[in-house]
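Listed below are the residues making up each chain.
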Amino acid sequence: MSIGHTLLALLESGPRHGYDLKRAFDEKFGHDRPLHYGQVYSTMSRLLKNGLVEVDGIEAGGGPDRKRYAITEAGITDVATWLTQPEKPEPYLQSTLYTKVVIALLTGRSAAALLDTQRAEHLRLMRVLTDRKRRGDLADQLICDHALFHLEADLRWLELTSTRLDRLAAEVRP
Amino acid sequence: MIPEGSLLIAEDLHKTYAHTPALAGACFSIHPGEVVAVLGPSGSGKSTLLHCLAGIVQPDAGRVRYAGRDLTALSDAERSALRRTDFGFVFQFGQLVPELSCTENVALPLRLAGIRRKAAEQVAMEWLERLEVADSGSKRPGEISGGQGQRVAVARALVTSPRVVFADEPTGALDSYSGERVMELLTEAARSSNAAVVLVTHETRVAAYSDREIVVRDGRTRDPDHSL
Amino acid sequence: MTLSDTRKAASPTPQDSYVRIRSWLRDLAYGLRFAAFGGREGWIRNALTAAGVGLGVALLLIASSVPHIMDNRDRRAEARAPSQQQYYGPDGERPGEPSDTSVLWADASTEYRTDIVNGLILRADGARPKLPPGVDRMPGAGEMFASPALAELLASDEGRLLAQRMDYRMIGAIGDTGLLDPGEYFFYAGSSTLTLGDGVWRTASWGGPAAESLPYDPVLIVVITLACVVLLVPVAVFIATAARFGGDRRDRRLAALRLVGADAWTTRRIAAGEALFGSALGLTVGLAVFALARLFAGSVRVWELSAFPADVVPLPRLAAALLLAVPVTSVAVSLFALRSVVVEPLGVVRNTALRRRRFWWRPLVPLAGLLLLLNGNTFNSRDPSAEVSPFPIAAGAILTLLGITAMLPWVVEALVGRLRGGPLSWQLATRRLQLSSGAATRAVSGIMVAVAGAIALQMLFAGMHDSFNRTLFENRVWDQLNVSSEYPSKALADRMTEELGRSRGAKDVIATIRTVVSHPNRESTAGLTVGDCTALRKLAEITSCADGDTFVVHAHEDRRQNDWIDTTARKGGVVLLGDEERAAPWTLPVRSPTVLGNKNAEGWENTGVYATFGAIDVRDLASGMTLALVPLNAGVPDAPEHIRNAAAGIDPALRIWSVRMTERDARYESLQTGLLAAASATLGLIAASMLVSQIEQLRERRRLLSALVAFGTPRTVLAWSVLWQTAVPVVLGTVVAVAGGLALGAAMLALIGKEVTRWWIFLPVAGVGAGVILLVTLVSLPPLWRMMRPEGLRTE
């Protein structure tokens, strides 16, 4: 899961303080593993260095770091690229995919297209595995089947998600 | 953007059943020997698309072209004849005549094409052998398993050496192992005779036997290769 | 083990049986619900069952009313018969004493075209005559009471000729109490000139034994028994099959119940509930039809029989048995039919083949029936007076007919099982039948009994009719009317010659007086015919004749009879005029030439002594009849009616008789059409039930049909297969029924010693069968077209 892309995307709705960003992230994605402040600051300084965010202002008299960040044009492009780029189909992708779907919904991009792209990528891999299975020996078949079952489970999740996009959108965009 | 050399092409199909739109701008194309999966949630219009492509149902709007002929302009009898000679069909279930033996079922399309019974059943037996259900030849569909039944159905779809096989959820009623076996046999047999396969399914493992997939959602198609 | 468990294991307590009864009732109620709320098809099935059972019940109720109808007819016939019939004759039998209440009467019955018109001419002896039932006063001279039916006939155009004959003034209608049935033609006419003697009788009151009933003709017993069996067995079989109309679907429903865990007895109880619903519906319809038919009983007249609605009351015991038998039968039939479902629920659900039918016992049933018919009976056609027991005949006919029902499913299965090859549509149909021919066969077997019965009956009547016809055509009796009175009278003979000869209907009149002469030792007799020369010449080969001549007339071939005549009538010897106690002696003149007689219309010679009026005084004859033979003038329509009118002008009490060919023909025709109509109606009902199961089957195969159409099956192939599917069982059924019917018919004819004259009599019935095939196919086509639409492929 890419925390950097996630935090960047959260900035698309407007400039935020680091503290705000952590709270927003925890609320939407960090159900069981909240971010450390340190993670936020190190990520933000990396993004700052890469020119994807800029400092919008510093709040006076506050705590240790009261910087307010805003996303740059380059940052927006980076988010878009990330979203359209299918993830390499591999097991346990859900959290990344879920984050991407929510981000797409939050930023008004097409979550359905995202899912379709991902499905095509999954299917591409499944075809390769199916093909290998058809040519291979029993060991190959068993190994391929294992992978196929996991990919299939992911794809089921994708299907399910795509049928529930409307409800999800209503929930993440209050 | 229709690829060159397509065998079967559909453009902007619309079809409404009793005020319920089933297709609202669906496109499709397939090359000879290509296996295309049609994916989509249930009720999205997959089957209707297949029915329009096969000339079983006339679309309200849009065109279907097969080998340079406009299917939508043909009469019912002409389309029936075309389905007899150029197309093959596999459905989810309930397609075998329960009273006829499996061999007789497979021979059915040949006999419709006017081939004599003996010769037709000879060819049918060969196909049953290819699909590894030669043992079921003299049995009736009620006496064999679902997987065997679908293989008989595949044999029947291929027996006329069609150029396009339409398979509508061919594994829908089977467990995953039988389903995969049916898909393997179907795609192998189709490829070896250079037949195109239009495969409607909601199972991704089945879709993995295709060369390419298109997705139908709310009566519209999206070709992932061309979207975004 | 809990306390309740122990109790359950022990003997059943009242509570247990209460629980059991509750669950039984629940099962029955399920069945009723399935039957009552089966959707549109369910109701079509119910309607068919109700119609089938209802018609059967109504028929049987009517049949069970026949004894009551006949009893009441007999009672009324007795009530209107004169109680003392005393004849006044020259023998000195004492006439009834005239009194204030006694009545003179003469039988004035006549015929009009094909109908019999009964009636009496009455004359009161005194002021307070006893009245026959149905009239409130004595008709005066020239007055008449007539039954409503007769009054209507006389008033109509059709009765114009009869009205001329019955030249009386209508003064009222005879009440129901004086009539046998509402359609009877009956009258009482008044006279002021009627005098005792010459066919006139005196009675002191009304109500006595009716005319003596003759012992039944054995042939008639055979025919009636067979007719009853042939008409009623199909009704019973039909009720049984009607209980299973559209049963395929029900079988599958019950099999499904069985699969989800209903035990065999629960399934049976549910089936019983369904059957009860159908039969209850049928009983209701039957009672309604019967009540309705009762109202029309008076307006229908079959074979000169009709009935007052009030008389159409079933025998209580028969009716109760019937009302009980119908539900019991239909439940029993349903349970019997359920065997396969109970035993092999999967077979029904998955449409796999069931076990084959056993063959060996089936042909035994009709064979036993035929054997019983042909051999088991004491009836002997050469000795018609022998006693006949109807039971073996009935049993034989019943077995034969039921045997046909038992044979049919097997025949269909055996033949269909051997069918191979043929065009695709044929293959589809025969395979279907091979897998489950049950429903189709069942539907067909119901009719087949009716058809076989109808064919057998038609053959029987045709055989009887034709043998009768042949005798007649050889003899030419049918174009002659015989007019007679039961007393000898020269004046009457002269009037007959004169007045009948003037009638347009008569070609000729031969009026003579007929009686016998006997040897004084009274050991032999010969006929005596008295007439004028013209008449006598027509009866024998008399070359010269003058008044006062006498002749002895011999037969052509019959030596024994001629010897007998010569023994009695010795020329120059004395004979007695008549064979009574006080017959007058008369001498046969020596100069009486012996001549040969002419064969008359009936084919024999009128032999014996012929005398002209100058040779014998008719008043010396103790008894005899005056007889006019009247050949009809064939060119005149209604010739017999003109002659009857002329005869009535002479004396309304004259007897007129003929062999009633026309009537027989008409009856025979009506019988033919009636049987054909009944067979067609049953076939129609069967067609409906076949149609229902056909459409049910098509609906179940909607997916398959759509799939077949998807891969390009032409609709015509499917349409043809539907046609074959109906045609094969109906054709086979018709063949079996025709064979069975012909066999039964031939056996019946053999039984009464007649030949089979019309083997082809089954053709119309077979034609109706073909019509049924076409009808069922045609009506199945629109649903077939509908089912073949691609919508059937949609899974959603």
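Higher on the page you've got the structure.
These remarks concern the structure in this document.

What counts and what doesn't
- Residues numbered from 1 in each chain as written.
- Chains lettered and ligands numbered in written order.
- Predicted model: local features only at pLDDT ≥ 70, side-chain atom pairs only at ≥ 80, totals over all residues.
- Heavy atoms only, no water.
- Contact = heavy atoms within 4.5 Å.
- Buried area = accessible area lost by both parts, 1.4 Å probe.
- Salt bridge = Lys/Arg side-chain N within 4 Å of Asp/Glu carboxyl O.
- Polar contact = N/O pair within 3.5 Å; in protein donor to acceptor, adjacent residues only side chain to side chain.
- Helix = DSSP H or I, 4+ residues; strand = E, 2+ residues; numbered from the N terminus.
- Nonpolar A, V, L, I, M, F, W, Y, C, P; charged D, E, K, R; others polar.
- Phe/Tyr/Trp six-rings, centres within 6.5 Å; stacked < 30°, edge-to-face > 60°.
- Lys NZ or Arg CZ within 6 Å of the ring centre and 35° of its normal.
- Pairing = 2+ DSSP bridges.
- Axes fitted to C-alpha atoms, helices over the stretch in contact; angles between N-to-C directions.
- Buried < 20%, exposed > 50% of the residue type's maximum accessible area, 1.4 Å probe, protein only.
- Parallel < 35°, antiparallel > 145°, perpendicular 65-115°, else oblique.
- Left-handed = near helix turned anticlockwise from the far one by under 90°.

### Looking at the interface of chain C and chain B
Part 1 of the reasoning: Each partner contributes residues to the interface: chain C has 31 residues there, and chain B has 33 residues.
Part 2 of the reasoning: When the two sides are added together, the surface that chain C and chain B hide from each other amounts to roughly 2,900 Å², 61% of it contributed by carbon and sulfur.
Part 3 of the reasoning: As a salt-bridge pair, E104 of chain B and R431 of chain C come within 2.1 Å of each other at their nearest N and O atoms.
Part 4 of the reasoning: For the pair chain C and chain B, the number of links is six residue pairs in polar contact (both at pLDDT 80 or more).
Part 5 of the reasoning: At the level of elements, α14 (424–435), α21 (702–710) and α22 (715–751) of chain C are the ones that each hand at least two residues to the side of chain C that touches chain B.
Part 6 of the reasoning: For the side of chain C that touches chain B, the residue count by class is 15 nonpolar, seven polar and nine charged.

### Looking at the packing of aromatic side chains
Part 1 of the reasoning: Taken as a whole, this structure holds 10 aromatic pairs over all chains when the rule is applied.
Part 2 of the reasoning: Aromatic side chains W105 of chain C and W201 of chain C sit 5.8 Å apart centroid to centroid with 15° between the ring planes, which places their arrangement in the stacked category. With W105 of chain C in strand β1 (residues 103–107) and W201 of chain C in strand β7 (residues 200–203), the pair connects residues that are 96 residues apart, well separated along the chain.
Part 3 of the reasoning: Each ring, one from W426 of chain C and one from W724 of chain C, has its centre 5.2 Å from the other, and the planes form 85°; the classification is edge-to-face. With W426 of chain C in helix α14 and W724 of chain C in helix α22, this pair connects stretches of sequence that are 298 residues apart.
Part 4 of the reasoning: Ring pairing ties together the aromatic residues Y66, F87, F89, F91 and F166 of chain B, which thus form one cluster.
Part 5 of the reasoning: For K22 of chain A, the ring lying beneath its charged end belongs to Y37 of chain A, and the centroid distance is 5.5 Å.

### Examining the sheet that holds strand β1 (residues 8–17) of chain B
As a general point, the strands of a sheet are linked pairwise by backbone hydrogen bonds and lie either parallel or antiparallel.
Residue and element names in this part refer to chain B.
Part 1 of the reasoning: If you walk across this open sheet you meet the four strands as β2-β1-β4-β5, and the pairing is antiparallel. Across the chains shown, the open sheet's two edge strands, defined by having one partner strand only, are β2 (20–30) and β5 (69–70).
Part 2 of the reasoning: Contacting β1, β2 and β4 (61–66), helix α1 (residues 46–53) runs over the sheet at an angle of about 60° to β2.

### Quick notes on unusual backbone geometry
All names here are of chain C.
Part 1 of the reasoning: One non-glycine residue, R522, adopts positive backbone phi at about 60°.
Part 2 of the reasoning: With respect to the element layout, R522 can be found in the loop between β9 (510–518) and β10 (525–531).
Part 3 of the reasoning: Under the relative-accessibility criterion, R522 is labelled partly exposed at 39%.
Part 4 of the reasoning: The backbone phi angle of D638 is positive, close to 60°, even though this residue is not glycine.
Part 5 of the reasoning: Tracing the sequence through the fold places D638 in the loop between β16 (625–631) and α19 (639–650).
Part 6 of the reasoning: Residue class for D638 comes out partly exposed when judged on its relative accessible area of 26%.

### Observations concerning the sheet that holds strand β10 (residues 220–222) of chain B
Residue and element names in this part refer to chain B.
Part 1 of the reasoning: Strands sit in the order β6-β7-β8-β3-β9-β10 across an open sheet of six strands; the sheet is mixed. The two strands at the open ends of the sheet, each matched to only one other strand, are β6 (87–90) and β10. On average, adjacent strands in this sheet sit at an angle of 20° to one another, irrespective of strand direction.
Part 2 of the reasoning: Where strand β3 (residues 35–39) lies against strand β8 (residues 196–200), four bridges are found, and the strand directions are parallel. Residue pairing in the sheet places A37 in a bridge with L199 of β8.

### What about the interface of chain B and chain A?
Part 1 of the reasoning: Facing the 21 residues of chain B at the interface are 19 residues of chain A.
Part 2 of the reasoning: In this structure, the connection of chain B to chain A is made through six salt bridges.
Part 3 of the reasoning: With a closest N to O distance of 3.5 Å, R217 of chain B and D116 of chain A form a salt bridge.
Part 4 of the reasoning: Across the contact surface, chain B and chain A share six residue pairs in polar contact (both at pLDDT 80 or more).
Part 5 of the reasoning: Among the secondary structure elements, those contributing two or more residues to the side of chain B that touches chain A are α6 (176–192), α7 (204–207) and β9 (212–217) of chain B.
Part 6 of the reasoning: Element by element, the count of residues in the side of chain B that touches chain A is highest for α6 of chain B, at five residues.
Part 7 of the reasoning: The residue inventory of the side of chain B that touches chain A, partitioned by class, reads eight nonpolar, three polar and 10 charged.

### Concerning the packing of helix α1 (residues 3–11) of chain A against helix α4 (residues 73–84) of chain A
Residues and elements named next belong to chain A.
Part 1 of the reasoning: Where α1 meets α4, the axes come as close as 9 Å, and the angle between the chain directions of the two elements is 120°. Taken together, the axes of α1 and α4 lie oblique to each other. Viewed along their axes, α1 and α4 form a crossing whose handedness is left-handed. For the pair α1 and α4, contact is made by H5, T6, L8 and A9 and by G75, D78, V79 and W82, respectively.

Nothing here speaks to function; it is all geometry.
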